[in-house]
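# Structural characterization, general
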Amino acid sequence: MENLSNNKAFLGTRVLLPGVTLAGLVSGLAVLAEHLEVRLTGGAWIEALVLAILIGAVLRLFLRQPARFDPGIAFSAKYFLEVAIVLLGASVSAAAIGGMGISLIGAIAVVVGAVLMTSYGIGRWLGLSRSVALLVACGNSICGNSAIAATAPVIRADAEDVASSIAFTAVLGMITVLLLPVLVPLLGLSATGYGVMAGMTVYAVPQVLAATAPVSALSIQIGTFVKLVRVLMLGPVIFLLSFASAGATGRRPALHRLVPWFILGFLAMLTARSFGLIDATMAGVMGDAATVLTILSMAALGLGIDLRRVMRAGPRVTAAVVLSLGVLVIASYAMVLVLNLATA
């Protein structure tokens, strides 16, 4: 039995190794490119986190990627990221978050609910089917691809609807990561205000890290916390959708879709740091490990973005996603203003 178990582990490693290695090579190129930026210009204008996504997406677009790479890429994009999020919890300043209090969490819930309903209305107004409009609305207002993947089986969306929705949120999320830091000087945002806005606007957790890294460590901490609270909104939304669709599907979502394990891990690390169970030195080491794992996951995320699929999607889906993102940006900035976090 022990030999059988060892053989399975070995075979599993062999299956994952090509994709993990490719993600590692892309990550290495991203880090090297950042170092070259610093040497040539004196600063990293585009962080390695963002470069990893860009390099991965370009490789996927122009080079044929054999299917044997897919399992390792999927593993790297999912599990490296989840472990990184847990480790990042040890670096988050509970005092900075606690200073904003319950008003921040309440504002996140209100904005998510309002944007979700508005995005759904935009989709229906543009003539999208109920399922596509719901997929776009959930992906836009909560957490991009993860929300779409969680919502799809509950509302019985077909594969084509899911593919087009995911493709657009993936590419638009990448564009948002590149452009969002420009708002800091344009709007005069503080590190805290920008962190809140990034956490509310960017679709995926790793993209929040990429969007906030060029600004400040505080922006990373606040942005990550806001984003994870926003992800938690997926639970109530899926729960309500499951009841609304119960007559047609008879399904209920699994518990792990309502509260992902890495969110619990993040909160556990945050609590441990707050009570002094993790000292500053250890938190620094865990933060460095989180950065390495995040770059790897970002490279895998880029390698998983199929730009061709975006080109095949219809103009109505394009318009719905872009308009919904515009609503999200405006609502997020309004939230920052209401909470009086816009300026330092």
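Attention here is on the structure that accompanies the text. Please read all numbers here as calculations on a predicted model, not as lab measurements. (Residues numbered from 1 in each chain as written. Predicted model: local features only at pLDDT ≥ 70, side-chain atom pairs only at ≥ 80, totals over all residues. Heavy atoms only, no water.)

There is a patch of nonpolar side chains on the surface, built from L29, L32, L36 and L40 and spanning about 420 Å² of accessible area. Relative to the elements of secondary structure, L32 occurs in helix 1 (residues 2–41). Classification of L32 by relative accessible area gives partly exposed; the value is 48%. (Patch = residues over 30% accessible without salt bridge, like charges linked within 9 Å, V, L, I, M, F, W, Y side chains within 5 Å. Areas by Shrake-Rupley, 256 points an atom, 1.4 Å probe, with all protein chains shown as cover. Salt bridge = Lys/Arg side-chain N within 4 Å of Asp/Glu carboxyl O. Helix = DSSP H or I, 4+ residues; strand = E, 2+ residues; numbered from the N terminus. Buried < 20%, exposed > 50% of the residue type's maximum accessible area, 1.4 Å probe, protein only.)

Counted at 1.5 Å a residue, the expected span for helix 12 (residues 217–232) with its 16 residues is 22 Å, and the 23 Å between its end C-alpha atoms agrees. Summarising burial for helix 12: twelve of the 16 residues are buried, a large majority. When helix 12 is considered as a whole, its buried residues turn out to be S219, Q221, I222, G223, T224, F225, V226, K227, L228, V229, R230 and V231. (Expected span 1.5 Å × (residues − 1).)

Turning our eyes to something else, we now look at the nonpolar core. In this structure, I108, I142, V196, M200 and M335 are the most contacted members of the largest nonpolar core, which totals 85 residues. Among the elements that take part in this core, helix 6 (residues 130–143) stands out by supplying nine residues, more than any other. Residues F80, A272, A283 and L293 belong to the second largest nonpolar core, which totals eleven residues. (Core = buried A, V, L, I, M, F, W, Y, C linked by side-chain atoms within 4.5 Å.)

Tallying each qualifying case throughout the model produces two aromatic pairs. With a centroid separation of 5.1 Å and an interplanar angle of 40°, the aromatic rings of F75 and Y79 are classed as tilted. Here F75 pairs with Y79, and both are found in helix 3 (residues 70–88), just four residues apart, close to one helical turn. Take Y79: its relative accessible area is 39%, and that puts it in the partly exposed class. Plain terms: the ring middles of F75 and F80 are 5.6 Å apart, the flat faces sit at 80° to each other, and that makes the pair edge-to-face. Judged by relative accessible area, F75 falls into the partly exposed class, the value being 27%. The exposure class assigned to F80 is buried, which follows from its relative accessible area of 17%. An aromatic cluster is present here, built from F75, Y79 and F80 joined pairwise through their rings. (Phe/Tyr/Trp six-rings, centres within 6.5 Å; stacked < 30°, edge-to-face > 60°.)

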